[in-house]
Amino acid sequence: MTAAVSCTLAGVAGADSSEESDTDLSRHSYQILEGTDHETTVYQTAATADGPTVLVIGGIHGNEVAGYETASRIAEREINVGTLVTIPYANAEAVEQRTRTGSDGVDLNRQFLEGEEPPTDLAQELWNVVAHYDPDVVIDLHESIGIYAGGPVDGVGQAIFHSDSTETTADAERAADTVNRNHVETPGLEFTTDTFAKPEHEPSGLLVHKAARDLGAQSFLIETLSRGPDLKTRIHWQTRLVTNLIEEGLFTNEAATDNSTSETSDTPDEEPVVEQCREDAS
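Now for a description of the structure that goes with this document. Within any chain, residue numbers begin from 1 and follow the written order of that chain's sequence. In keeping with the predicted nature of the model, local features appear solely for residues at pLDDT of at least 70, side-chain atom pairs appear and are counted solely at 80 or more, and the whole-chain, interface and lining totals rest on all residues. Hydrogen atoms and water are omitted, and side-chain values are computed over all heavy atoms in the structure.

**Quick word on the pattern of salt bridges**
1) Next: A side-chain nitrogen of Lys or Arg and a carboxyl oxygen of Asp or Glu constitute a salt bridge if their distance falls within 4 Å. Under the criterion given, the structure shown has eight salt bridges.
2) Next: Arg100 serves as the salt-bridge partner of Glu64, at 3.5 Å between the closest nitrogen and oxygen. Of this pair, Glu64 sits in the loop between strand E4 (53-57) and helix H1 (65-74) while Arg100 sits in the loop between helix H2 (92-97) and helix H3 (121-133), and the two are 36 residues apart along the sequence. As far as burial versus exposure is concerned, Glu64 and Arg100 are alike and both buried.
3) Next: Asp214 is the partner of Lys210 in a salt bridge, and the nearest nitrogen-oxygen pair spans 2.7 Å. With Lys210 and Asp214 both in helix H5 (residues 207-215), this residue pair falls four residues apart, about one helical turn.
4) Next: Taken together, the salt bridges that share partners define one network made up of Glu64, Arg100 and Asp107. The numbering of helices and of strands both runs from the N terminus, where a helix is a DSSP run of H or I of at least 4 residues and a strand a run of E of at least 2. Relative accessible area decides the class of each residue, using a 1.4 Å probe on protein chains only: under 20% of the type maximum gives buried, over 50% gives exposed, and in between gives partly exposed.

What follows is the structure, given as structure tokens:
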């Protein structure tokens, strides 16, 4: 797996725009499935110094608002090493409709079976992006209507699910502990961690499962509780968790650990008017 990705995206189709920042960063964006209902934008920020490649994705389910709002903010961040790739609105049609799935009724996060090509055009194009960058770390942002209590029946909120390695487990536990100590004020809403379900168990076909098992990426699925905490708080939690999961100084203005509760830059000024959720595990 490569530690950094060139700004030249040979073999990846779509419109392209690039710009240089005043902090030795190159920013690049392009569309996939251009001209269709599923058209969406991929953003790349690359530093001049080598480092890990991290891919952050939101909006796989269109009614999980904090996920795509957080990913869109992460896309604007500056880094000092490596490459940051973001797909904020993975399922653009579902995001526009504020529904879990698009008009086809297909759950996008069940289309990524390990060792197989995804069966839908959208899943295939998203996977092409992931496989092209071959990221060291993949973080997928979601929300749930219930809190995780060891099984997905009642919900999977306030949890970080992760691939099964000693390093990934330690990273997830550290991120959850840091955010719980510094950013979770309501008892009962502390984040927990757990490993992914095994391939033979449901739910299957998740993007993070395929990234971990087919590409060997450190993979994390973050779930916040969509009912109760306000959107601003949920975005703040997700942003802090993403920041704490990324090591080796990828972000310039954040440490991997965090002892402040006063930051406001991670959160939006206003909450969207419409926010309805209907979903089960991931």
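**Remarks on H1**
Each turn of an α-helix holds 3.6 residues, which means side chains three or four residues apart point in the same direction.
1) Next: Counting buried positions along H1 gives nine out of ten residues, so the element sits mostly inside the fold.
2) Next: For H1, every residue scored as buried is listed here: Val65, Ala66, Gly67, Tyr68, Glu69, Thr70, Ala71, Ser72 and Ile74.

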